[in-house]
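The primary structure of each chain is shown beneath.
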Protein chains: 2
Amino acid sequence: MGEAVRVLEVALGDRAYPIVIGAGLLSVGARLVPYLKRKKAVVVTNTTVAPLYLDLLTDALAAEGVSCESVVLPDGESHKDWQTLNLIYDALLGSHAERSTTLIALGGGVIGDMTGFAAATYQRGAPFIQIPTTLLSQVDSSVGGKTAINHPLGKNMIGAFYQPRLVIADIGTLATLPDRELKAGLAEVIKYGLIRDPAFFEWIERHLDALLARDPEALAHAVEVSCRNKAEVVAADETEQGERATLNLGHTFGHAIETGMGYGVWLHGEAVAAGTVMALALSKRLGWLSDVEIDRAVRLFARAGLPTKGPVLGAQRYLELMRHDKKVADGQLRLILLKGIGRAVIHSGATDGEVCAAIEACCE
Amino acid sequence: MGEAVRVLEVALGDRAYPIVIGAGLLSVGARLVPYLKRKKAVVVTNTTVAPLYLDLLTDALAAEGVSCESVVLPDGESHKDWQTLNLIYDALLGSHAERSTTLIALGGGVIGDMTGFAAATYQRGAPFIQIPTTLLSQVDSSVGGKTAINHPLGKNMIGAFYQPRLVIADIGTLATLPDRELKAGLAEVIKYGLIRDPAFFEWIERHLDALLARDPEALAHAVEVSCRNKAEVVAADETEQGERATLNLGHTFGHAIETGMGYGVWLHGEAVAAGTVMALALSKRLGWLSDVEIDRAVRLFARAGLPTKGPVLGAQRYLELMRHDKKVADGQLRLILLKGIGRAVIHSGATDGEVCAAIEACCE
């Protein structure tokens, strides 16, 4: 069970890379070696993941003759800042890491985003491998090459598009994931169903209990289908000129929640769930989504233990925070809305009044 | 005189861009407008350049209907750090700059490198125009897309390859350049002759007095031929896998001087001049360069008022600093040496003893 290894290719020309999905992959150094430029690596992880998986990984690399340093960062979105990023640079420079040394991100989305940005910018670009250890990072941040840190005035405001050479999604690491984080990851899984894959949405409806019970086969399938959906979107639109923006369903509202509450108070997936409900409420208000459809989505988030209401910040404050989002063009909010389950659209025509009404309907 | 406008194209496929060279270009807003994504720009400059040229530029842009903010940074290599970079991010976020707002670098190499890095990383990539106002930045840092900031453990250690959409080299700005900086710029001009253009080297020998007297025609020619040489190299090898490394003649030694003395004590061009003499001394020691050739080079640097000896840091300290350089591969120093004027080679086989001897012969 969970022994089968699934491999997806992210088709990005000379920056194409494989995503390998399966259980127990972390401890097989031979899986990584072909993707190292030289047998030198720096593993970046955090204080939560290090005691669980760091030795397993570095021993596996050492067994293949890879010389390996490690950096252990404080855990959490609140540390996704310049000061913490600088700990990676300090370690790289302190250990005389070269431009050919591979950075390996071992952890969730924060570790992946920060390690990726460090790799993108260390000596103008060092090779990079991602080993996401949370459901959220396995289905979302490990695909597509978005790297970033936060700025006090906005989330992910400083970053780069930079592709890894390899992603290893070891389903085994999900066994140690706290319940709250597993649920937060499911928000992004549900999102893929909502924006472009109605059959997957139905599959999640049928298999949510198995996913919550951490059935390895169900998890591996959810990761694979999520990654395949994201990989298809990213391959078609790497730098988010068009379709890729649909992956941001619920994210503009969600970022407002995350920023408004202070980074790390709401998990990203929790904010996306509540933000998605706001986007759906706006879609319904525009006459694009039926009561039945919005109820199915809200019910699925609720069954997954996710919030379906946002915090009360005041609609004006939401708007102000949303205007700081990267998805703004010429002052006009560019929102991802639905015209049915599985059919996302990019919409720039919503009035402040419409947006505020949708927000107010979804806060408590 | 100096009225003719010269245009070079840097051939980088979908990232190709023009370099426009001439006098008085800064105050013609219509030259920039076709290269702006929207009519919104943030000009980044420093306390030295702002009083001279900032109003000229922003007035010219305003006359074309471009809405324009500006950020004035402290001047100097010692400010090429994260703290100062953050002033750019603060200004961008504070003025709600969008992903489509163009960053315009108005200043020397430090302003260009920092603004370019801010553009490369602001919201994962904003458009960028360079208006270099020093000879060094016109002939060197404005061509090729290298952007960076310094880290306490190494120069330019954090950065990205990121191409501008347009470079405007306004020869008129060289009229206000301090003598010391004009000379520092000549070090890089001479470098192009040394590494790949013996005819240009001879032209510099004949026209050095005109260049030092700031004759606009001579300066425009020197900028044009330098940029053309660099553009050819960069087009062939954008990310420095091979030939591009030859542009670093004198730079590994030079970086050791800059870092060893503290950023900003030696100007970059001064360190490159002394570093180049060390590289030539090593080339001579290996039997690749004649006494006549090295004397011609040393005499030209001296006539240009540039140092031909490095500071006494101790050869071991030089080596240690040089090993922190990005051009190190597997612990082996990769140096650019000459096999004659106009013929640079990449050499990884020099022993520590040979390198130390060359350094010691060139310090005082």
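Residues numbered from 1 in each chain as written. Chains lettered and ligands numbered in written order. Predicted model: local features only at pLDDT ≥ 70, side-chain atom pairs only at ≥ 80, totals over all residues. Heavy atoms only, no water.

Enquirer: Residues and numbers for the packing of helix 8 (residues 251-261) of chain B against helix 9 (residues 268-285) of chain B, please.
Expert: All names here are of chain B. Viewed as axis vectors pointing N to C, helix 8 and helix 9 meet at an angle of 130°, and their least axial separation amounts to 7 Å. Classified by the angle between their axes, helix 8 and helix 9 sit oblique to one another. When you trace helix 8 past helix 9, the crossing you get is right-handed. Taking contact as the criterion, the partners of His251, Phe253, Gly254, His255, Ile257 and Glu258 in helix 8 are, on helix 9, His268, Ala271, Val272, Ala274, Gly275, Met278, Ala279 and Leu282. For the contact of helix 8 with helix 9, the residue count by class is eight nonpolar, five polar and one charged. (Axes fitted to C-alpha atoms, helices over the stretch in contact; angles between N-to-C directions. Helix = DSSP H or I, 4+ residues; strand = E, 2+ residues; numbered from the N terminus. Parallel < 35°, antiparallel > 145°, perpendicular 65-115°, else oblique. Left-handed = near helix turned anticlockwise from the far one by under 90°. Contact = heavy atoms within 4.5 Å. Nonpolar A, V, L, I, M, F, W, Y, C, P; charged D, E, K, R; others polar.)

Enquirer: Let's hear about the nonpolar core: which residues, and what values?
Expert: Grouped together as the largest cluster of nonpolar side chains are 81 residues, with contacts concentrated most on Ile19, Leu194, Ile204, Phe253, Met322, Val355 and Ile359 of chain A. Per-element accounting of this core gives the leading share, 10 residues, to helix 7 (residues 216-236) of chain A. Split by domain, this core shows at least three residues from each of two domains, domain 1 (6-176) and domain 2 (179-361) of chain A. Among residues more than four places away in sequence, those in contact with Leu194 of chain A are Phe201, Leu249, Thr276, Ala297, Phe301, Leu338, Gly340, Ile341, Gly342 and Arg343 of chain A. With 80 residues, the next largest nonpolar core counts Leu8, Ala218, Ala271 and Phe301 of chain B among its residues. (Core = buried A, V, L, I, M, F, W, Y, C linked by side-chain atoms within 4.5 Å. Buried < 20%, exposed > 50% of the residue type's maximum accessible area, 1.4 Å probe, protein only. Domains from an automatic or database assignment.)

Enquirer: Could you give me a rundown of the UniProt feature "binding site: Zn(2+)" (unreviewed entry) in chain A, with the residues and numbers involved?
Expert: Residue and element names in this part refer to chain A. The positions UniProt marks with the feature "binding site: Zn(2+)" (unreviewed entry) are Glu188, His251 and His268. Taken together, the annotated residues stretch across 81 residues yet fold into one region, lying no more than 10.3 Å apart by C-alpha. A residue is classified by how much of its surface remains accessible, and Glu188, at 0% relative accessible area, is buried. Residues contacting Glu188, with those up to four places away along its chain left out, are Leu136, Val139, Asp140, His251, His268 and Val272. Examined against the element boundaries, His268 turns out to sit in helix 9 (residues 268-285). Judged by relative accessible area, His268 falls into the buried class, the value being 16%. Engagement of the side chain of His268 in a polar contact is seen with the side chain of Glu188, the distance being 3.2 Å. (UniProt positions renumbered as here; feature names shortened; annotations may be inferred. Polar contact = N/O pair within 3.5 Å; in protein donor to acceptor, adjacent residues only side chain to side chain.)

Enquirer: Kindly report on the interface of chain B and chain A, identifying the contributing residues and their values.
Expert: Taken together, the contact between chain B and chain A spans 36 residues of the former and 36 residues of the latter. Overall, the association of chain B and chain A removes approximately 3,400 Å² of surface from exposure, summing both partners, and the carbon and sulfur fraction of that is 54%. The largest contributions to the chain B side of the interface with chain A come from Trp82, Leu93 and Arg124 of chain B, which together make up 23% of the buried area. Viewed at the interface, chain A and chain B are joined by zero salt bridges. There are eight residue pairs in polar contact (both at pLDDT 80 or more) connecting chain B and chain A. Among the secondary structure elements, those contributing two or more residues to the side of chain B that touches chain A are helix 2 (82-94), helix 3 (109-121), strand 7 (146-151) and strand 8 (154-161) of chain B. (Buried area = accessible area lost by both parts, 1.4 Å probe. Salt bridge = Lys/Arg side-chain N within 4 Å of Asp/Glu carboxyl O.)

Enquirer: I'd like a description of the pairing of strand 5 (residues 102-107) of chain B, backed by residues and values.
Expert: Residue and element names in this part refer to chain B. Among the six residues of strand 5, six are classified as buried, and the element is accordingly described as predominantly covered. Direction of pairing for strand 3 (residues 40-46) relative to strand 5: parallel, over a ladder of four bridges. What sits directly across from Ala41, in strand 5, is Thr102. The sheet contact formed by strand 5 and strand 6 (residues 128-132) spans five bridges and is parallel. Bridge pairing links Ile104 to Ile129 in strand 6. Once you follow strand 5 into helix 3 and on to strand 6, the crossover reads as right-handed. (Pairing = 2+ DSSP bridges. Right-handed = clockwise from strand over helix to strand, strands pointing away.)

Enquirer: Please set out helix 11 (residues 315-323) of chain A residue by residue, giving values where relevant.
Expert: All names here are of chain A. Residues of helix 11 that are buried: Ala315, Tyr318, Leu319, Leu321 and Met322. Considered in projection along helix 11, the buried side chains sweep an arc of 165° and stay on one side of the axis. Where helix 11 is buried, its residues meet helix 8 (251-261), helix 9, strand 10 (335-338) and helix 12 (352-361). (Arc of directions from axis to C-beta.)

Enquirer: Hey, could you go over the relation of the copies chain B and chain A for me, with residue numbers and the actual values?
Expert: It takes a turn of 180° to lay chain B on chain A, together with a shift of 0.0 Å along the axis; the resulting RMSD is 0.0 Å. Both copies are brought into coincidence by an operation consistent with a two-fold rotation axis. (Least-squares fit on C-alpha atoms with pLDDT ≥ 70 in both.)

Enquirer: Mind laying out the side chain of Thr101 of chain A, listing which residues take part and the relevant values?
Expert: All names here are of chain A. Secondary-structure assignment places Thr101 in the loop between helix 2 (82-94) and strand 5 (102-107). Thr101 gets classed as buried once you look at its relative accessible area, which sits at 5%. When sequence neighbours within four positions are dropped, the list of residues in contact with Thr101 reads Lys40, Ala41, Val42, Ala126 and Pro127.

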